[in-house]
Amino acid sequence: MSTAPAHPQAEIARRFLAAEARWSPLEIGVWLAAFALAFVGRSHHLLFAEIAVLALFAVSLDLILGYAGIVSLGHAAFFGLGAYAAGILARAGHGDPLMGLACAAAVAAAVGFVTSFLVLRGSDLTRLMITLAVASLLYEAANKLDWLTGGADGLQGMTVDPILGRFAFDLYGTTAYLYALSVLFVVVLGLRVLVHSPFGHALRAIRDNPLRARAVGIPVSRRLIAVYTLAAAVAGVAGALSAETAGFASLDVLDFHRSAEVMLVLVIGGSGRLYGGIVGAIVFRLAQDALSSITPEYWQFWIGLGLVVLVMIGRDRLDVLGRGLVTRLLPHRRTEVGA
């Protein structure tokens, strides 16, 4: 004798979340191809490592912008904090890369938690100004504390140990690429679970209508503080990766153009889709590398022109085109959430 489940709606929700979080063959193939690049194109591994770092940075911004609706023009603050935290630690003789990542994440998360109370006040324009002000303050602090950060000359004397005591960084950037890609994969793996969980759906509800989300019992402020702190930690990890793979950190990691660049990446790849930051980073960095080799002085003009074309065409049309292409390449997967 069969009995109906005590909470059928909860069971339907559980099935829906499980189906949504399921890996597709396309995702698996893309990640395998990315790791396979470590065995080919050796001369481009440094570029690939930069793309992985930028992708991780973009994913961190997508957490607060695409999923929670928090706009920011100062996300480079956490990227720079992570870079300097890992760099100063390495200069002090603690050059273990994983320790540097952990330290960078902790420092950036702490600052993100403290500043989140300021960011959550006011409208989007207020948040833009506050995040920009926080990044500017940290930039000036790093410039003044030259005894610690190196100031305008940059952080000198960084010595990064081999990863796990075995894999030393090489001139071609192969180790740097595999290291950055592995960290990106692990972080995306965790965030993928997060955004497809009830926490992630609560963030979307807050983004779409915070008043309605509060009315149905979602603790809006606590959710936003949590995701802002998490995004700061991920951005700090990206900054640490940048410092460790380059062996150098300067005021450039805190500059405004970092925040503008990662925002541009999300415009290209799309926000609120996790992989949008990764796609945007690939397109932006490859376009920058190709255009700067053709026209070193005017590559920004051509990227700007491409953005204008992207806006005129519309992302919705590109999304439809992309889904149609995927449907042709892969069998259509039907998601059943009902009983």
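Conventions used here
- Residues numbered from 1 in each chain as written.
- Predicted model: local features only at pLDDT ≥ 70, side-chain atom pairs only at ≥ 80, totals over all residues.
- Heavy atoms only, no water.
- Helix = DSSP H or I, 4+ residues; strand = E, 2+ residues; numbered from the N terminus.
- Contact = heavy atoms within 4.5 Å.
- pLDDT = per-residue confidence, 0-100.
- Phe/Tyr/Trp six-rings, centres within 6.5 Å; stacked < 30°, edge-to-face > 60°.
- Buried < 20%, exposed > 50% of the residue type's maximum accessible area, 1.4 Å probe, protein only.
- Lys NZ or Arg CZ within 6 Å of the ring centre and 35° of its normal.
- Core = buried A, V, L, I, M, F, W, Y, C linked by side-chain atoms within 4.5 Å.

Draft legend 1. How the structure looks around the overall build of the protein chain. Of regular secondary structure, the protein chain possesses 15 helices and zero strands. For the protein chain, restricting intrachain contacts to residue pairs at least 6 apart in sequence, the fraction spanning at least 24 positions comes to 78%.

Draft legend 2. Fine view of the confidence of the model for the protein chain. With 86% of its residues at a pLDDT of 70 or more, the protein chain has an overall mean of 84. Predicted confidence for residues 332–339 stays below pLDDT 50, and this span has 10 contacts to residues more than four positions away or in other chains.

Draft legend 3. Inspection of the packing of aromatic side chains at higher detail. Enumeration over the complete set of coordinates arrives at seven aromatic pairs. When the centroid spacing of 6.1 Å and the interplanar angle of 80 degrees are considered together, the rings of Phe 35 and Phe 185 count as edge-to-face. With a gap of 150 residues between them, Phe 35 in helix 2 (residues 25–36) and Phe 185 in helix 8 (residues 174–195) connect regions that are remote in the sequence. Measuring from ring centre to ring centre gives 5.9 Å for Phe 169 and Tyr 179, while their planes differ by 75 degrees; the resulting arrangement is edge-to-face. Of the two residues, Phe 169 sits in the loop between helix 7 (146–149) and helix 8 while Tyr 179 sits in helix 8, which places them 10 residues apart along the sequence. The class for Tyr 179 is buried, based on a relative accessible area of 5%. A connected cluster of aromatic rings, assembled from ring pairs, spans Trp 31, Phe 35 and Phe 185. One residue, Arg 42, lies across the ring of Tyr 172, its end atom 3.8 Å from the ring centre.

Draft legend 4. Inspection of the nonpolar core at higher detail. With 95 residues, the main nonpolar core has Leu 56, Ile 70, Tyr 84, Val 183, Leu 184 and Leu 241 as its most contacted residues. Per element, the largest residue contribution to this core is 17 residues, and it comes from helix 3 (residues 45–67). The residues contacting Ile 70, other than those within four sequence positions of it, are Ile 64, Leu 65, Val 119, Leu 120, Arg 127, Leu 224 and Tyr 228.

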